[in-house]
Amino acid sequence: MDTPAVAELQLKAGHEYVDALATLGFDPFLVTWAYDEVTEEQVLLIATDFYDYKGPLAITEKLFEAYNLSLTPREIDPFHVRLHSGEQPFIQELLRYAKGGWIQKSNGYNGSPIGDRIPFTGGSVGGIHVNRAWVIKMRPMKRRPVDSLMRNWKRFEKNLERAAA
């Protein structure tokens, strides 16, 4: 399936978005543009361990707050941001695609490897298509202790509060 290309403006805005989040204390381990085959639109996919700690609603509320305070680029509408947990098999599969650079060919019957490796340029998982060139940020996913997540979340909230004042 042919997927629409991510425009250079979107890639630039994605990098600016990640930088803005970092300034606020939000450090996701995966940020990539993705094409949703169901809605037929590009979305900014973010995987973070905050998802498991606070849940998607709390994170979304904070991302909208940052957007409304003009702390994130206007080119990225929070309605087009998809939040995920690193614990979701879907994200683990995407991470394997994105970081590997190579994928193992399978025999097509049971998915077992046949020995050859081919370069990875993109792939689809559950109707979401990613391309290696669309990956904005990816770092190893390490489980942080709950107290560390709590401190980082509180810092993120405080930074937003300061910006609003």
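The rules behind these values
Residues numbered from 1 in each chain as written. Predicted model: local features only at pLDDT ≥ 70, side-chain atom pairs only at ≥ 80, totals over all residues. Heavy atoms only, no water. Patch = residues over 30% accessible without salt bridge, like charges linked within 9 Å, V, L, I, M, F, W, Y side chains within 5 Å. Areas by Shrake-Rupley, 256 points an atom, 1.4 Å probe, with all protein chains shown as cover. Salt bridge = Lys/Arg side-chain N within 4 Å of Asp/Glu carboxyl O. Lys, Arg positive; Asp, Glu negative; His and termini not counted. Charge placed at Lys NZ, Arg CZ, Asp CG, Glu CD. Helix = DSSP H or I, 4+ residues; strand = E, 2+ residues; numbered from the N terminus. Buried < 20%, exposed > 50% of the residue type's maximum accessible area, 1.4 Å probe, protein only. Polar contact = N/O pair within 3.5 Å; in protein donor to acceptor, adjacent residues only side chain to side chain. Contact = heavy atoms within 4.5 Å. Expected span 1.5 Å × (residues − 1). Phe/Tyr/Trp six-rings, centres within 6.5 Å; stacked < 30°, edge-to-face > 60°. Lys NZ or Arg CZ within 6 Å of the ring centre and 35° of its normal. Arc of directions from axis to C-beta.

> For this particular structure, what's the right way to read a positive patch on the surface?
Among the surface-exposed residues, K54, K154, K158 and R162 lie close enough to one another that they form a single positively charged patch. No other element matches the 3 residues that helix α5 (residues 146–164) contributes to the positive patch. When you line up the elements, K54 lands in helix α2 (residues 50–54).

> Where do I start with the pattern of salt bridges in this structure?
Close approach of charged atoms allows side chains of opposite charge to pair. What the rule picks out here adds up to 7 salt bridges. Close ionic contact of E65 with K62 constitutes a salt bridge, the shortest N to O distance being 3.5 Å. Of the two residues, E65 and K62 are both situated in helix α3 (residues 56–68); the distance of 3 residues between them amounts to about one turn of the helix. A salt bridge links R151 to D147; the nearest nitrogen and oxygen atoms lie 3.6 Å apart. On the criterion of helical spacing, the pair formed by R151 and D147 is a turn pair, its members being 4 residues apart in helix α5. For R151, a relative accessible area of 51% translates into the label exposed. The exposure class of D147 is partly exposed, given its relative accessible area of 42%.

> Would you explain the side chain of N159 in this entry?
With respect to the element layout, N159 can be found in helix α5. Side chain to side chain, N159 and R162 meet in a polar contact 2.9 Å long. Apart from residues lying up to four places away in sequence, N159 is in contact with T23, L24 and G25.

> How should I be thinking about helix α1 (residues 8–24) in this particular structure?
Owing to its 3.6 residues per turn, the α-helix aligns residues three or four sequence positions apart on the same side. Across its 17 residues, α1 extends 25 Å between first and last C-alpha, which sits within 8% of the 24 Å expected from 1.5 Å per residue. Taken together, the buried positions of α1 are occupied by L11, A13, G14, Y17, V18, A20, L21 and L24. Buried-residue contacts for α1 involve β1 (30–36), β2 (41–47), α3, β3 (81–84), β8 (135–138) and α5. Just downstream of α1 lies G25, where phi reads positive at about 100°.

> Explanation requested: the packing of aromatic side chains in the structure shown.
The geometry of an aromatic ring pair is captured by the separation of the ring centres together with the interplanar angle, meaning the angle of the planes. Evaluation of the coordinates by the stated rule reveals 6 aromatic pairs. Here the aromatic rings of F26 and F156 are separated by 5.2 Å at their centres, their planes lie at 70°, and the arrangement is edge-to-face. Residue F26 is located in the loop between α1 and β1, and its partner F156 is located in helix α5; the two are separated by 130 residues in the primary sequence. Residue F26 shares its accessibility class with F156, and that shared class is buried. Taking the centre distance of 6.4 Å and the plane angle of 20° together, the rings of F50 and F156 count as stacked. Taken together, the positions of F50 in helix α2 and F156 in helix α5 put the pair 106 residues apart, joining distant regions of the chain. Take F50: its relative accessible area is 1%, and that puts it in the buried class. A relative accessible area of 0% means that F156 is categorised as buried. R74 extends its terminal NZ or CZ atom over the ring of Y67, reaching a point 4.2 Å from the ring centre.

> Explanation requested: α5 in the structure shown.
Relative to the 27 Å expected for 19 residues at 1.5 Å per residue, α5 spans 27 Å between its end C-alpha atoms, a close match to the ideal helical length. Among the residues making up α5, those that are buried are S148, L149, N152, W153, F156, N159 and L160. The buried residues of α5 occupy an angular sector of 130° when the element is viewed end-on, so they sit on one face. In α5, the exposed residues that point more than 90 degrees away from the buried face are V146, R151 and R162. Packing partners of the buried residues in α5 comprise α1, α2 and α3.

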